[in-house]
Amino acid sequence: MTPSSIVQVGEERTHSTMMAWRVHEFGSPETMKFERVPRPEPGPGEVLVKVAAAGVGPWDGWIRSGKSALPQPLPLTLGSDLSGEIVAMGPGVTELRVGDQVYGVTNPQFVGAYAEYALASAGMVSNKPTSLTHVEAASLPVVSVTAWQALFDHAHLKAGQTVVIHGAAGNVGSYAVQLARQAGVQTIATVSTGDISAARNLGANTVIDYRTQRFEEVVRDADAVIDLVGGETQTRSFQVLRRGGKLVSAVSRPDQDLATRYGVDASFFLVNVTDQYLREIARLVDGGKLRTKVGAVLPLADAREAHLMLERVRPQPKGKIVLDVGAR
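Residues numbered from 1 in each chain as written. Predicted model: local features only at pLDDT ≥ 70, side-chain atom pairs only at ≥ 80, totals over all residues. Heavy atoms only, no water.

1. Regarding the sheet that holds strand β12 (residues 206–209)
Sheets are built from strands that pair by backbone hydrogen bonding, the pairs being arranged parallel or antiparallel. With parallel pairing, six strands are arranged side by side in an open sheet as β12-β11-β10-β13-β14-β15. If you trace the sheet from one side to the other, it starts and ends with β12 and β15 (265–268), each paired once. Strand-to-strand twist in this sheet, taken as the mean axis angle between neighbours without regard to direction, amounts to 15 degrees. The pairing of strand β13 (residues 222–227) with strand β14 (residues 241–249) spans five bridges and is parallel. (Pairing = 2+ DSSP bridges. Helix = DSSP H or I, 4+ residues; strand = E, 2+ residues; numbered from the N terminus. Axes fitted to C-alpha atoms, helices over the stretch in contact; angles between N-to-C directions.)

Written out as structure tokens, the structure is:
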């Protein structure tokens with residue numbers, strides 16, 4: 001690509017570098033290396049984002065340890081969720097401009113965001129919610145779009161229907177409860193004892209403490225179950241659905257023999273983050289209809305600590321872990 005095909009601002013970047021968290025071999029958080037690498041140049045359909053904040057999610061840990069659902073050639077830079085400013089654009093990008101404040105994900109491989117600059121597919125970022133800081137905006141993309149797609153694209157829920165949301169106090173679950181409420185869907189949330197009031201505050205109609213009560217003894221004929229937990233919780237969920245109901249999991253593939261026995265549709269999906277969903281999420285956030293919850297905020301240099309939180313080696317506060325790239 002010729003230099004003239006790239007829109008650039010600021011300093012000449014031909015030989016410039018940046019700091020990024022790289023993985024040269026799959027494994028534990030100790031395999032992560034904070035290294036100086038060349039600053040990338042955007043290709044066709046890409047933008048270069050000066051990263052202000054990067055979200056940290058369980059999928060980052062799966063990629064780091066070699067358990068990704070997608071092929072991941074090494075070496076790679078970790079991270080997918082980001083918020084920041086576009087500083088350069090590759091050919092063919094028409095919807096965005098240099099200087100735009102954007103949020104979203106990097107690319108379909110979910111890599112590249114734990115860095116001072118990151119390439120992003122232009123169709124996977126959008127203008128960030130104006131009411132949020134970059135740290136708050138970076139906490140949103142994957143988890144909020146996962147919740148949206150589970151409820152409306154896969155479970156096809158409509159106003160007046162009933163959904164059971166397992167893991168309703170988690171990062172995806174808390175958005176699922178809020179989005180269901182906005183759509184007029186009745187929500188039954190399963191949470192642990194300490195999260196009952198939080199689930200009620202998010203708008204859940206019924207809250208079940210899974211430590212003291214078995215949800216299948218309470219729930220009957222639900223239209224859908226959104227499974228964000230997996231394991232035996234998923235297995236026990238078939239019996240609470242009406243015939244023709246839907247079990248949608250974002251964590252593991254449901255047992256199709258059980259689905260046939262109970263006469264329900266059961267599916268697993270991987271999130272597909274696009275600018276269309278990001279615009280809708282931003283509209284709801286700026287309209288005061290969706291609340292974010294940021295947990296730990298760490299400087300970029302402490303990304304390994306963030307992964308130790310993911311692995312439960314370090315305590316992890318409630319809410320999304322975010323790397324503040326501007327912090328030192």
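More follows now that the structure is in view.
2. Side note on unusual backbone geometry
With an omega of -10 degrees, the peptide bond running from L74 to P75 counts as cis. Residues other than glycine seldom take positive phi values, yet R312 does so here, at roughly 65 degrees. In this structure, R312 sits in the loop between α9 (303–310) and β17 (320–324). A relative accessible area of 64% places R312 in the exposed class. (Buried < 20%, exposed > 50% of the residue type's maximum accessible area, 1.4 Å probe, protein only.)

3. Some details on helix α3 (residues 141–154)
Taking 1.5 Å per residue, 14 residues should reach 20 Å; α3 reaches 18 Å between its end C-alpha atoms and fits that length. Of all 14 residues in α3, 12 are buried, a share of seventy percent or more. Turning to α3, its buried residues are P141, V142, V143, S144, V145, T146, A147, W148, Q149, A150, L151 and F152. At the C-terminal side of α3, H156 shows a positive phi close to 55 degrees. (Expected span 1.5 Å × (residues − 1).)

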